[in-house]
Amino acid sequence: MRFLDALFGRTRPVPPDLDNLFAVPGAALTLSAAVGFSPTGVGSVCFSSVEGAEFARITQEVRELLAADTARSGPPVESARDPFGYSWLVSRRAPDDLPALVSDLHAVNSTLQDGGFGPQLLCSLIGFRDAGGRPLALVYLYKRGTFYPFAPLSEQRRDNALELQVRAALAGELRVEADLSRWFALWGAPGL
């Protein structure tokens, strides 16, 4: 089959490497120095919901796992649904505790993947703001194993110049998605 794939120009998707998320705290330092954005302490994981007892059990297990952290400040984990019907688990940490937030997101992704629900995982989002309050998110595309910046200006406009500036600043820090058509707008995403 590899011969036919090569002949017809088909490529196999890169398997996701959830450990890529652990590069975000280092990239946040670069992001702060290069463009003045700091973590908000909010992150979220987006997935397609599945009906059934096993999926409900695993998502409940994730919530209980994250709620068991006694060092957590604020609400443990919140569930949300966006206008497009996707489910989100939102984690909140102190803005200066980005490693713990990344660990939360990794735990959600890993638990869903290990439970056989990897195909339902869509993306993880980590929120940032500048001194003026402008939002920015680093989005990890689960199926591609890459990151991209999303900088909304208003409900249906985004700051493309800032996104390209962030891409350039983080090129050596994170595996940034090269295909700009995969830089999806996440309007109304919880955690942004």
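Our structure is the block above this text.
Conventions used here
Residues numbered from 1 in each chain as written. Predicted model: local features only at pLDDT ≥ 70, side-chain atom pairs only at ≥ 80, totals over all residues. Heavy atoms only, no water. Helix = DSSP H or I, 4+ residues; strand = E, 2+ residues; numbered from the N terminus. Buried < 20%, exposed > 50% of the residue type's maximum accessible area, 1.4 Å probe, protein only. Contact = heavy atoms within 4.5 Å. Core = buried A, V, L, I, M, F, W, Y, C linked by side-chain atoms within 4.5 Å. Phe/Tyr/Trp six-rings, centres within 6.5 Å; stacked < 30°, edge-to-face > 60°. Polar contact = N/O pair within 3.5 Å; in protein donor to acceptor, adjacent residues only side chain to side chain.

### A few points about the overall build of the chain
What the chain contains, in helices and strands, is 5 helices and 8 strands. Mapped from its N terminus to its C terminus, the chain presents α and β elements in the order α-α-β-α-β-β-α-β-β-β-β-β-α. Taken over 192 residues, the chain has a buried fraction of 43%. Within the chain, contacts between residues separated by at least 24 positions form 66% of all contacts whose residues are at least 6 apart in sequence.

### A short note on the environment of Val 102
Mapped onto the elements of the fold, Val 102 is located in helix H4 (residues 98-117). Between the C-alpha atom of Val 102 and that of Asp 19, which follows or precedes it by 83 residues, the distance is 9.8 Å. Beyond its immediate sequence surroundings of up to four residues, Val 102 is in contact with Leu 21, Phe 22, Val 24, Pro 25 and Ile 126.

### A few points about the nonpolar core
Most often, soluble globular proteins keep nonpolar side chains buried together rather than apart. Counting 37 residues, the largest nonpolar core has Val 24, Leu 31, Leu 112, Ile 126, Phe 128 and Val 166 as the members making the most contacts within it. Secondary structure elements with two or more residues in this core: helix H2 (24-35), strand E1 (38-47), helix H3 (53-67), H4, strand E4 (121-129), strand E5 (135-141) and helix H5 (160-170). Residues contacting Val 166, with those up to four places away along its chain left out, are Leu 31, Val 35, Leu 136, Leu 138 and Pro 149. Cys 123, Leu 125, Ala 137 and Phe 150 belong to the second largest nonpolar core, which has 15 residues in total.

### Digging into the packing of aromatic side chains
Going through the model one piece at a time under the given rule, you end up with 3 aromatic pairs. With a centroid separation of 6.0 Å and 20 degrees between ring planes, the pair formed by Tyr 148 and Trp 183 is classed as stacked. With a gap of 35 residues between them, Tyr 148 in strand E6 (residues 146-150) and Trp 183 in the segment after H5 connect regions that are remote in the sequence.

### Topic: the side chain of Asp 130
Within the secondary structure layout, Asp 130 lies in the loop between E4 and E5. A relative accessible area of 16% means that Asp 130 is categorised as buried. Among the polar contacts listed, one links the side chain of Asp 130 to the backbone nitrogen of Gly 133, at a separation of 2.9 Å. Polar contacts involving the side chain of Asp 130 include one to the side chain of Arg 134, which spans 2.7 Å. If we ignore the near neighbours within four places in the chain, the residues touching Asp 130 are Gly 36 and Phe 37.

### Examining the side chain of Ser 124
In this fold, Ser 124 is placed in strand E4. Here Asn 109 takes part through its side chain, which lies 2.9 Å from a polar atom of the side chain of Ser 124.

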